[in-house]
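Reading the structure
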Amino acid sequence: IGPTSSECLGDFLRITLSAEYFEDKYLSLFVVDQSGTAWELDEAMAAQCGYTVTYTTCRSIQVCASALSCHSHLEKDVFRVTIQIKASHTPDMSNATTHLKSASCHYGPWSPREIKCESNYMEVSVRREVPQTIKDFVQDEPEDWTFVFPEAKAEEASIWQIVFHQPEEKRALLMSNAWSAGYGLNASDSRVLLRVPYTAAQVQLVKVGVLLLAQQAARLCRSNQIPSLQDQGITFSVLRSSTFYKYQWVILMVDTTVACPVDGVDYTNKTITWTIPKYIPPLSGGMTSLKDVLVEAGVDLHKLSAKEMASRKYVLSNELTTITMKIPIGAEGGYYKTSVSNGQLGVKYTINLFLEHQWEDNKWGLTKHTIIKEIEAPFEQAEVVITNNLNLSAGLMNVTVGTFLPDAELVNLTIEGVVVAVPEALQHGYLIHRTRYANGSKAYVLQVPLDTPSIKIEYMGEDMRAYTLNVTLTFITYPSSETFVVPVVSLSAVKDAVLPSATGFCDGRNLHLIITRGNVDQNWLPFISDWHLTQEAAQKYNYILRDNGTHLAISVPFLSPHVSYEGFHTSAIKASFYLTLKDDITLAQRRDFSVSCLFSPSELIQCLPNGTVIITAIKLVGGEDLDTALLVLRDRQCKPSLVTERTATFKFNVNTCGTSRKFNSTTVTYENEVLYFRPGDDVPIYQLKFLCLYAVEQTADVPYGSKNSPPSIQPGSGCLALSLKLFKEKSYSEPYQESEYPVVKYLREALYFEVELLQPKDARLDLNLDDCWATNSQSQNSLPQWHILIHGCENNKDSYRTVFHEVNYSPRVKFPQHLKRFEVRMFTFVQGTSLLQE
């Protein structure tokens, strides 16, 4: 319990640093000697001094020390090791906290020769033979040693030099030079130690064969002789060396050859087979007999009894010439770790085996050979299970990804092409939960609101909608730091589609279509035939388009390019407007809507008091090939003054163009018709009759004045009645009513204002606007303010200047000089970059 724990494992001490305590911290490890000096435990120092540092898949750190490691303290049958840990939240190790862990372990009696094969070093220690001192010998001066052997030191007991035996030469290094080359040398009162990193320059790779012939095995049994081995190919790392040390007045030599297996592992039928030859020529040189004393094995430095091995289905075979261990892949004692191969996710079964072989021979007496080996089984590809649970009531898509082994960690997500770290995913609407299971594995649950932009919603037909989440998860493995990605494409089909519906009506001048959007048209666009109806496009034709998210409202004037006219009657014209919702990607037609109304023919005819007639002829459905420029009146010389693709407008006096008239007691009726003739044919295929009625008797006020009295202006005061109105379109034909406020407008959308002098109705008065401004509230004196007109002119500081519109005489406008009309583009007040109001 706490940041560290320790465990004694035979001749090894293992200290474990808690993953929970040290996770997400930068660490530096040191070994503290008896004097209190701290030695940094880097890779080179660990291999030279008998330490291994392992980062486990559970993200803890294990430091394992040999009983004869550097800076450990040996006393009788106990060795003590002190580890210093510095932990910091920053890589420069500033503000680091320091932890000390000291632990001791007992070790058993030494064999004459002990060999250890660790993952990063080989170690051999041999009993130091001390000869009998020559009777009455006195060494006069310590300097006698350095006079005879300048390289030898004068201490009581020390290693002098090491000699490496290579096939082509021998090379000798003094102890100081050997340490500089990375070798670990040490001598106690009873032993000489050599520790060799696998990467040392003098290490050789030697193949050791396995005996196959039964005759040789039988000969071995009869004679107890070591047979000659056939070279089958198990590779050993070998260092052949002799170490020289001095004791009093003599120099002694011991054989410090060491050999450790590199391979010897086979994988067949989901079984790991590890084979170790008993007779290793570099270690058995000069021996004439060999007898097994003990063969034991285990996992993770824990020895296992025969019963424990059987329960795990391990098989340990001690044959005549080999020792073999067979482990089923997946057996207890090993573990699976995450592995990545060519970007593919997989697992590898891993087990930390160790084998201890003790034998007696005629050269050394007892040799103890301990081999520690981490074995990885071949890569097995793994499938990631992705399950989806759509929760419509909560508006969430719950996606479970995994399971994953403890050594895999989710680090970021790629959402619509943007890489997002896990802590930042919440800002994009992603809530991530990690679910842990009893065996240490885990799964990740993504909770994503259905209105998140990265969830694509597609209408499938009938009442079905498809919700699709497309996100890529990136994982990292510990401690190998491999990365892999898991694409998550999760689709759910649900019967929750509400299709758009529409209602239509007309108000005498316009056709209105109001579409209730439903929930499936997020990607559906309004089209009039093949023409995409946008706000800008609607303004071009003086259409009104409003969209509040739930409803789409379109208002189209009766006389507009996209209205179809299907028939004339003396009392009515049938006009229709068609709208289609199309998919924004495929442009496939999804829904069609229309509104049809009957309009009075008077909408096409204006009979002005001065006898001028304005007629608009319209093209009917079915007459698409009709050329409106060829429409004429009864007098075929009277042609239209304005032509569009669908209309032709005639402007003429009632006394021209073949107009006939009829009188009765109260009215005069003028009649004409618009005609269309095919070339060479006198029978019209298009005929639009129209009438204008004028009263015979009508009272009118006629102002007059004296020619002898020039007009004059007198200053005075009185009450003026004024009105300010907002109109729906540029024609200034329909103002907004009280019930329609507040009016919702988009930025830059046009606002059409009209100021009118209501009283007095005096033709001598002209209305002029001096100042006009907008405020942020209903109080005209509130701040901020923005001037739309200044001294009757546009505000030249405005990006979109005010536009004045001419006011002409009409049945509604008797005194054009009493009105002022102007157009302003919609804007909003801002403070810095913040909107003060919508």
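An unreviewed UniProt entry annotates the protein chain as ZP2 protein of Pheucticus melanocephalus.

Let us now look at the domain arrangement of the protein chain. In many analyses, interface size is given as the accessible surface area lost on bringing the parts together. Split into domains, the protein chain comes out as domain 1 (4-109), domain 2 (124-134 + 154-210 + 233-376), domain 3 (383-494), domain 4 (501-599), domain 5 (602-695) and domain 6 (721-835). Using C-alpha coordinates to define each centre, domain 2 is positioned 98 Å away from domain 6.

Spatially, S58-S59-S60 is the arrangement adopted by the three strands of the open sheet, whose pairing is antiparallel. Since the sheet does not close on itself, it has two edges, and those belong to strand S58 (772-775) and strand S60 (793-794), each with one partner. Strand direction decides the pairing type here: strand S59 (residues 785-790) and S60, joined by two bridges, are antiparallel. Within S60, the position partnered with Ile790 by the bridge is Cys793.

As summarised here, the arrangement of the four strands in space is S49-S50-S52-S51, forming an open sheet in which the pairing is antiparallel. Single-partner strands in this sheet number two, and they are strand S49 (605-607) and strand S51 (642-643). Bridging between S51 and strand S52 (residues 647-653) involves two bridges; their strand directions are antiparallel. Paired with Val643 across the strands is Ala648, a residue of S52.

Looking now at the layout of surface pockets. Within this model, the largest pocket holds a volume of roughly 2,300 Å³. As for the largest pocket, its lining consists of 50 residues, of which Arg509, Gln606, Tyr809, Ser810 and Pro811 are closest to the centre. Here the lining of the largest pocket is composed, by residue class, of 23 nonpolar, 15 polar and twelve charged.

Before going further, it helps to spend a moment on the nonpolar core. Membership of the largest hydrophobic core comes to 55 residues, with the highest contact counts inside it found for Val196, Ile327 and Ile351. Setting aside its immediate chain neighbours within four residues, Ile327 contacts Lys270, Thr271, Ile272, Tyr314, Tyr349, Ile351 and Leu353. Counting residues in hydrophobic clusters, the runner-up holds 51 residues, among them Tyr543, Ala575, Leu579 and Ala648.

We now examine the packing of aromatic side chains. Summed over all chains, the structure comprises 24 aromatic pairs. With a centroid separation of 5.2 Å and 90° between ring planes, the pair formed by Trp531 and Tyr541 is classed as edge-to-face. With a gap of ten residues between them, Trp531 in strand S43 (residues 531-532) and Tyr541 in the loop between helix H8 (535-540) and strand S44 (544-547) connect regions that are remote in the sequence. What makes Trp531 partly exposed here is its relative accessible area of 23%. The exposure class of Tyr541 is partly exposed, given its relative accessible area of 27%. Clustering of aromatic rings is evident, with ring pairs tying together Phe404, Tyr444, Phe475 and Phe484. A cation over a ring is seen here: Lys25 above Tyr21, with NZ or CZ 4.6 Å from the ring centre.

On the surface, a nonpolar cluster with roughly 270 Å² of combined accessible area is contributed by Leu720, Leu722 and Leu765. Positionally, Leu720 belongs in the loop between strand S55 (686-695) and strand S56 (721-727). The class for Leu720 is exposed, based on a relative accessible area of 55%.

What follows is about empty space enclosed by the protein. If you walk through the whole model with that rule in mind, you get four cavities of 30 Å³ or more. Estimated volume of the largest cavity: approximately 120 Å³. Along its surface, the largest cavity is lined by 13 residues, and Gln539, Tyr543, Ile544, Lys728 and Glu749 are the ones closest to its centre. Counting residues per element, the ones that place at least two in the lining of the largest cavity are H8, S44 and strand S57 (750-759). At three residues, H8 tops the list of elements feeding residues into the lining of the largest cavity. Here the lining of the largest cavity is composed, by residue class, of six nonpolar, three polar and four charged. No fewer than three residues from each of domain 4 (501-599) and domain 6 (721-835) sit in the lining of the largest cavity. Residues of the lining of the second largest cavity, tallied by class, amount to seven nonpolar, two polar and one charged.

What follows deals with the side chain of Gln166. Relative to the assigned elements, Gln166 resides in the loop between strand S12 (157-165) and strand S13 (170-174). For Gln166, a relative accessible area of 15% gives the class buried. Polar side-chain contacts of Gln166 include one of 2.9 Å to the side chain of Gln204. If we ignore the near neighbours within four places in the chain, the residues touching Gln166 are Gln202 and Gln204.

Conventions used here
- Along each chain, the written sequence defines residue order, and numbers are assigned to residues from 1.
- Residue-level local features of this predicted model are given only where pLDDT is at least 70; pairs of side-chain atoms are given and counted only at 80 or more, and the full residue set underlies all totals for whole chains, interfaces and linings.
- To obtain the side-chain values, all non-hydrogen atoms of the structure were used and water was disregarded.
- Throughout, the edges of the domains are those of an automatic or database domain assignment.
- For two strands to be treated as a pair, DSSP must find no fewer than two bridges joining them.
- Runs of E in the DSSP output that reach at least two residues are strands. Runs of H or I that reach at least four are helices, and both are numbered from the N terminus.
- Each cavity reported here is a set of points on a 1 Å grid over the protein atoms alone in which a 1.4 Å probe fits but cannot get out, each pocket an open set with protein on both sides within 12 Å along at least five of seven lines, and each lining residue one with an atom within 4 Å of a point.
- Grid points are joined across faces, edges and corners, and a volume is the space filled by probe spheres set on the points.
- Note on residue categories: nonpolar means Ala, Val, Leu, Ile, Met, Phe, Trp, Tyr, Cys or Pro, charged means Asp, Glu, Lys or Arg, and polar means any other residue, Gly included.
- In plain words, nonpolar cores are sets of buried Ala, Val, Leu, Ile, Met, Phe, Trp, Tyr and Cys residues tied together by side-chain atoms within 4.5 Å.
- Working definition: with a 1.4 Å probe on protein chains only, accessible area under 20% of the residue-type maximum means buried, over 50% means exposed, and in between means partly exposed.
- Contact criterion: two residues are considered in contact whenever any of their non-hydrogen atoms come within 4.5 Å of each other.
- Ring pairs shown here join Phe, Tyr and Trp side chains whose ring centres sit within 6.5 Å, with only the six-membered ring taken for Trp; geometry is labelled stacked below 30 degrees between planes, edge-to-face above 60, and tilted in between.
- Charge-over-ring placement is defined geometrically: NZ (Lys) or CZ (Arg) within 6 Å of the ring centre, and within 35 degrees of the ring normal.
- Note on patches: the residues involved have over 30% relative accessible area and no salt bridge, like charges join within 9 Å, and the nonpolar side chains Val, Leu, Ile, Met, Phe, Trp and Tyr join within 5 Å.
- Every accessible area reported is derived by Shrake-Rupley at a probe size of 1.4 Å, with residue values counting cover from the shown protein chains alone.
- Counted as salt bridges are all cases of a side-chain nitrogen of Lys or Arg within 4 Å of a carboxyl oxygen of Asp or Glu.
- Each polar contact in these results corresponds to two N or O atoms within 3.5 Å; when the atoms are within protein, one needs to be able to donate a hydrogen and the other to accept it, and residues that are neighboring in sequence are counted only if both atoms are side-chain atoms.

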